[in-house]
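Summary of structural features
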Amino acid sequence: MLVTLTPDQELFRDTTARFLEEHVPVGEVRRLRDDPDGLDPGYWRRGAELGWTSLLVGEAHGGGSLSGAGLVDLSLVAYEFGRHAAPGPLVPVNLVAAALSEHDAHPEVRDGLIAGRATASWCGPGLAGTRPAWEPGVEIRRGAAGPALHGLAAVVEGAARAAHHLVTARDGDGVTQVLVPASAPGVAVTPLQSVDLTRRFAAVALDGVRVGTEWLVGPAGEASAAADRQARQLLALLSAESVGAMQAGFDMTVSWSFDRYSFGRPLASYQALKHRFADMLTWLEAAHAVTDAACRAVGDDTPEADELASAAKAFVGHYGGELLQDCVQLHGGMGVTFEHDLHLYLRRFTVNRMLAGTPAEHRRRVAALLDAGDTAA
Amino acid sequence: MSTTARHTLDGAAEPVEDLDAFRDRARAFIRGNLRPENYEDLRRDGSRPDEVELAQVQREREIQRMLFDAGLAGICFPRQYGGQGLSLAHQAVLNEELAGYEYPRLLQVPTLSPCAAVLLEFGTDAQKERHLPAILKGEELWMQFLSEPSGGSDVAGALTTAVRDGDHWVLNGSKVWTTGAWWSDWGLCLARTNWDVPKHRGLTVFMLPIHQEGVEVRRIEMLNGSREFCQEFMTDVLVPDTDRIGGVDDGWTVGTRWMVHERMLHSSP
């Protein structure tokens, strides 16, 4: 990231980077391709000890940020995750830990997440239709036998090994968030195939899952703002991670262009390719900038947070694809082989691009937000 | 449609089989002997389990042999080398009749073109007699040992070397992006024989059996799971001078025609 880091932030980012280089080098990422969890539990626990899981958690609950801007601090971890195509449910665990901390709910689950002993999934709302609104795919039906969850969270990161799912559900006219134990009757988790080598996704179907009153996270019917805020955090962190993947792909390709000789000259000496590198660098710098702005605004809950989060997701999603696909082309045939590392970053980016709304959906969302702003003014 | 025009490569002056009669003959053979094409299987070319891929290769060798025995292999190849000596129009008719049926698609590229075409154009009589009928019978599958790890589109920058040793050449180097080399038989190989001249003038073309001591075939996994591309490492591979194609240091003449044949596959001469 290009934010001017404090010495503490720089140390933190560098510590994570060195930890990832040591514990999940590309050889380990490749090995985890065939691991059902895509993750070594010991690795995740040690990462949690570095502070990966506590930055959005209140100090009273054992958390705390480095800089006072927890989301910006966390975006540094996400960026390094992208730069290393690192395994681990970084985003959902942080979103859930933050939600539990905010409402002082389920302290034992929260503590387990912070310590890296367990993971949780975030079964949040998705973008629906043309309105700039997040819509839960799950609802609470209140029948004679008590409230029950019905619906589907179609693409959920880390759901298969999560001990709990933070489910956002429509609840009459409101929105309710509940922490559902993975073992609750009626919860069906179906693993999906992912192009990412280590990120695991699943569909979480809820078929008449009886809601315990103790499951509530925040007051019933009043979680709309919290779910929206979590969705913004998700967009900001996915963008930060994608920028890390873009940076890794770009750096590799620049290095390649100096090493690779064709017709007796390094690729980097060809003017037509220099122009392409210049284009890529402008996209990369702008992706850094818009993501930095989004992380800052979302972390501070400013009025522009919604617009900036979607702007970052749209810009990074579009230009990250242009950049990484061009990196593949500049590598020639090697760029589409499994043994080359470039695809590890392209895969991470490609999944992030599709999660929580495509670039087109977020461009439409930005336009709708601007329209709404004009109308309000 | 009927024609008496000849576009054959051997130029023999004999009556040409009438196109309608040819169509009837081809149709009868195809419908009586070939299975409907399995398009689902076609889509998985290269990413099928190895035993399925090998079974497919074997089936295609059989089909090629059946076509040969039925007088339907090598439509435009000269008769003296096992072909039919017919015209492009006959080939077009055969293509039309084959639509919807299995055919030896893995044998088309690069075995028949560009490899067999290069042999036909530059091979000695002995080389052509030895290899072209075998190719048309499905007994020899060929691959192009052309690209190199360092080469990319700079084909003439080939670093694989061939050093003369009496009646033989000793080849060392690496070739890459050879499609299906792991189940193929022969390689058409561009190698450097002279370092003291401009790069285009120091190349020579050879042919060599792929599965022999000194040739290590490594398969490359692609991002889509396909494992049909290969890389070869050649270490002190002995090639008799009789398996040289074209003149010593004249490989670029062969190579440019080789690439014309390859481009023709995509209608881009």
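Look a little higher up for the structure.
What counts, and where the lines are drawn
Residues numbered from 1 in each chain as written. Chains lettered and ligands numbered in written order. Predicted model: local features only at pLDDT ≥ 70, side-chain atom pairs only at ≥ 80, totals over all residues. Heavy atoms only, no water. Helix = DSSP H or I, 4+ residues; strand = E, 2+ residues; numbered from the N terminus. Expected span 1.5 Å × (residues − 1). Buried < 20%, exposed > 50% of the residue type's maximum accessible area, 1.4 Å probe, protein only. Core = buried A, V, L, I, M, F, W, Y, C linked by side-chain atoms within 4.5 Å. Contact = heavy atoms within 4.5 Å. Arc of directions from axis to C-beta. Salt bridge = Lys/Arg side-chain N within 4 Å of Asp/Glu carboxyl O.

All names here are of chain B. Taking 1.5 Å per residue as the helical rise, helix α3 (residues 50–69) with its 20 residues ought to reach 28 Å, and the 29 Å between its terminal C-alpha atoms agrees with that figure. Here α3 has its buried residues at E53, Q56, V57, R59, E60, R61, I63, Q64, L67 and F68. Once α3 ends, the next one or two residues include G71, with phi positive near 70°.

Attention now moves to the nonpolar core. If you look at the biggest cluster of nonpolar residues, it comprises 86 residues, and the most contacted ones within it are Y43, W52, F81 and L323 of chain A. At 13 residues, helix α7 (residues 224–259) of chain A tops the list of elements feeding residues into this core. If we ignore the near neighbours within four places in the chain, the residues touching L323 of chain A are M246, F250, M280, W283 and L284 of chain A. In this structure, V16, F22, I245 and M259 of chain B belong to the second largest nonpolar core, which totals 44 residues.

Quick look at helix α1 (residues 7–23) of chain A now. Residue and element names in this part refer to chain A. Helix length check: α1 (17 residues) gives 24 Å between terminal C-alpha atoms against 24 Å at 1.5 Å per residue, within 8%. Among all positions in α1, only Q9, F12, R13, T16, A17, F19 and L20 are buried. The buried residues of α1 occupy an angular sector of 165° when projected down its axis, which confines them to one face. Summarising the geometry of α1, the exposed residues directed more than 90 degrees from the buried face are P7, L11 and E22. Taken together, the buried residues of α1 touch α3 (41–49) and α4 (70–84).

As enumerated under the stated definition, the model contains 42 salt bridges over all chains in all. R33 of chain A serves as the salt-bridge partner of E221 of chain B, at 2.6 Å between the closest nitrogen and oxygen. Here E221 of chain B is found in the loop between β6 (215–219) and β7 (229–240), whereas its partner R33 of chain A is found in the loop between α2 (26–31) and α3 on a different chain. Given a relative accessible area of 21%, E221 of chain B falls into the partly exposed group. Taking the shortest distance from any N to any O, the salt bridge between D69 of chain B and R65 of chain B comes out at 3.1 Å. Separated by four residues within a single helix, D69 of chain B and R65 of chain B lie in helix α3, roughly one turn from each other.

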